[in-house]
Amino acid sequence: MVDQHIQIRAATEKDLPRLVEIFRASRQKLLPFLPILYSREQDFAHLKDLLSRGDVKIGLLDHQLFGFLVRIDHWIAHLYVHPDAIGKGVGKALLDDAKSRARRLELWCFEANLRARQFYEQQGFALVRTTPGENDEGLPDRLYRWVRD
Ligand SMILES: CC(C)(COP(=O)(O)OP(=O)(O)OC[C@H]1O[C@@H](n2cnc3c(N)ncnc32)[C@H](O)[C@@H]1OP(=O)(O)O)[C@@H](O)C(=O)NCCC(=O)NCCS
């Protein structure tokens, strides 16, 4: 069930340090199979670049920033929730916001990321295809798609 105290709004440059913190903490704790390829500074530059050319929404739980979603056209480039706020509805609220402004959405998810696979499948995403590792990390992944009914 989605928490009543969740708010979604557009990210600003002021949010960038917290976005980097969430990105790194979430990957480190919830995706431990991922190699750490980039420094904090590189992650900051990456997210700053996305903020300038994509649609970045943040999820606040009790007025505190705990998650974000980056959308570029119909692609969900990133969806991350801080490990301290997992399972409290922030991810679903961010996804519902993206769905409300799209006819279809697509995303890549690592094969090993069982939590996210279950989450997306529960949220109506269907598996389109798998690859043996056509990504920076060289790990097997899955393309998922959601289409509005
Ligand atoms: C995947 C992720 C974004 C989900 O966000 P979240 O805030 O924990 O998920 P929510 O609390 O919004 O969950 C929403 C619904 O999905 C369900 N759900 C969440 N995780 C689940 C799981 N592992 N299995 C089954 N259902 C799950 C919840 O029960 C909830 O259902 P409900 O609304 O009926 O109660 C979050 O776990 C995360 O950031 N993971 C690490 C980063 C990551 O993997 N990102 C995706 C990269 S492709």
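Predicted model, so just to flag it, every value in this text is computed and none were measured. All chains use their own residue numbering, which begins from 1 and follows the written sequence. At least 70 in pLDDT is required for a residue's local features to be given in this predicted model, at least 80 for side-chain atom pairs to be given and counted, and no such filter applies to totals for whole chains, interfaces and linings, which use all residues. Hydrogen atoms and water are omitted, and side-chain values are computed over all heavy atoms in the structure.

## A closer look at the overall build of the protein chain
Runs of H or I in DSSP of at least four residues are treated as helices and runs of E of at least two as strands, each being numbered from the N terminus. Within the protein chain one finds 4 helices and 7 strands. Computed over C-alpha atoms, the radius of gyration of the protein chain comes to 15 Å, within 12% of the 15 Å expected from 2.2 N^0.38 for 149 residues, which places it in the range of a compact globule. Principal-axis analysis of the C-alpha atoms gives the protein chain an extent of 40 × 40 × 30 Å. Every residue pair with non-hydrogen atoms within 4.5 Å of one another is taken to be in contact. Taking the intrachain contacts of the protein chain between residues at least 6 apart in sequence as the baseline, contacts between residues at least 24 apart amount to 64%. Carbon and sulfur atoms form 49% of the exposed surface of the protein chain, whose accessible area is close to 8,400 Å². Asp and Glu are treated as the negative residues and Lys and Arg as the positive ones, with His and the ends of the chain left uncounted. By convention, the point assigned to a charge is CZ for Arg, NZ for Lys, CD for Glu and CG for Asp. In the protein chain, which carries 23 positive and 21 negative side-chain charges, the distance between the mean positions of the two groups comes to 3 Å. We compute the radius of gyration from the C-alpha atoms alone; for a globule the expected value is 2.2 Å times N to the 0.38, where N is the number of residues. To measure how exposed things are, a 1.4 Å probe is used in the Shrake-Rupley method; for residues, cover is taken only from the protein chains shown.

## So, the packing of helix H1 (residues 16-30) against helix H2 (residues 40-53)
In contact at an axis separation of 9 Å, H1 and H2 are set at 120° when each is read in the N-to-C sense. For the element pair H1 / H2, the angle class is oblique. Along this stretch, H1 crosses H2, giving a crossing that reads as right-handed. For the pair H1 and H2, contact is made by Leu-16, Pro-17, Leu-19, Val-20, Phe-23 and Arg-24 and by Arg-40, Asp-43, Phe-44, Leu-47, Lys-48 and Leu-51, respectively. Under the convention adopted here, Pro, Cys and the residues Ala, Val, Leu, Ile, Met, Phe, Trp and Tyr are nonpolar, Asp, Glu, Lys and Arg are charged, and Gly plus all remaining residues are polar. Split into classes, the residues belonging to the contact of H1 with H2 amount to 8 nonpolar, no polar and 4 charged. Where helices are involved, their axes are fitted lines through C-alpha atoms of the stretch in contact, as for all axes, and angles between N-to-C directions lie from 0 to 180°. Just so you know how the angles are binned, under 35 degrees is roughly parallel, over 145 roughly antiparallel, 65 to 115 roughly perpendicular, and the rest oblique. Working rule for handedness: look at the near helix, and if it is turned counterclockwise from the far one by less than a right angle, call the crossing left-handed; if clockwise, right-handed.

## Here we look at H1
Expected helix span is given by 1.5 Å per residue-to-residue step, counting one fewer step than there are residues. Under the 1.5 Å per step criterion, the end-to-end length of H1 is 21 Å for 15 residues, consistent within 8% with the ideal 21 Å. Those residues of H1 that sit buried are Leu-16, Arg-18, Leu-19, Val-20, Ile-22, Phe-23, Ser-26, Arg-27 and Leu-30. Turning to H1, the residues buried within the fold contact H2, strand E2 (55-61), strand E3 (64-72), strand E4 (75-81) and helix H4 (114-122). Buried, partly exposed and exposed residues are distinguished by accessible area as a fraction of the type maximum, computed with a 1.4 Å probe on protein chains only: under 20%, between the cut-offs, and over 50%, respectively.

## Here's the deal with the environment of Lys-29
Of note, Lys-29 is situated in helix H1. The class for Lys-29 is exposed, based on a relative accessible area of 60%.

## Re the UniProt feature "domain: N-acetyltransferase" (unreviewed entry) in the protein chain
Listed under "domain: N-acetyltransferase" (unreviewed entry) in the UniProt record, and renumbered for this structure, are residues 6-146. Its end C-alpha atoms 23 Å apart, residues 6-146 is made of 35% helix and 33% strand. UniProt positions are given in the numbering used here, feature names are shortened, and annotations may be inferred rather than shown by experiment.

## Structural notes on the pattern of salt bridges
The working definition used for a salt bridge is a side-chain nitrogen of Lys or Arg within 4 Å of a carboxyl oxygen of Asp or Glu. In this structure the tally under the stated criterion is 15 salt bridges. Across the pair Arg-101 and Asp-97 runs a salt bridge whose closest N-O atoms are separated by 2.8 Å. Its relative accessible area of 17% is what places Asp-97 among the buried residues. Among the salt bridges present, the one from Arg-142 reaches Glu-111, with a minimum N-O distance of 3.2 Å. One end of the pair, Arg-142, is in strand E7 (residues 141-147); the other, Glu-111, is in the loop between strand E5 (104-110) and H4, with 31 residues separating them in the sequence. Look at Arg-142 and you get buried, because its relative accessible area is 11%. When salt bridges that share partners are traced, they join Asp-55, Lys-57, Arg-71, Asp-97 and Arg-101 into one network.

## Quick word on the environment of Arg-24
Within the secondary structure layout, Arg-24 lies in helix H1. Between the C-alpha atom of Arg-24 and that of Arg-40, which follows or precedes it by 16 residues, the distance is 7.8 Å. Among the polar contacts made by the side chain of Arg-24, one reaches the main-chain carbonyl oxygen of Ser-39 at a distance of 3.4 Å. Any N or O atom pair separated by 3.5 Å or less is treated as a polar contact, with the protein-specific requirement of one donor-capable and one acceptor-capable atom, and with residues adjacent in sequence counted only for side-chain atom pairs.

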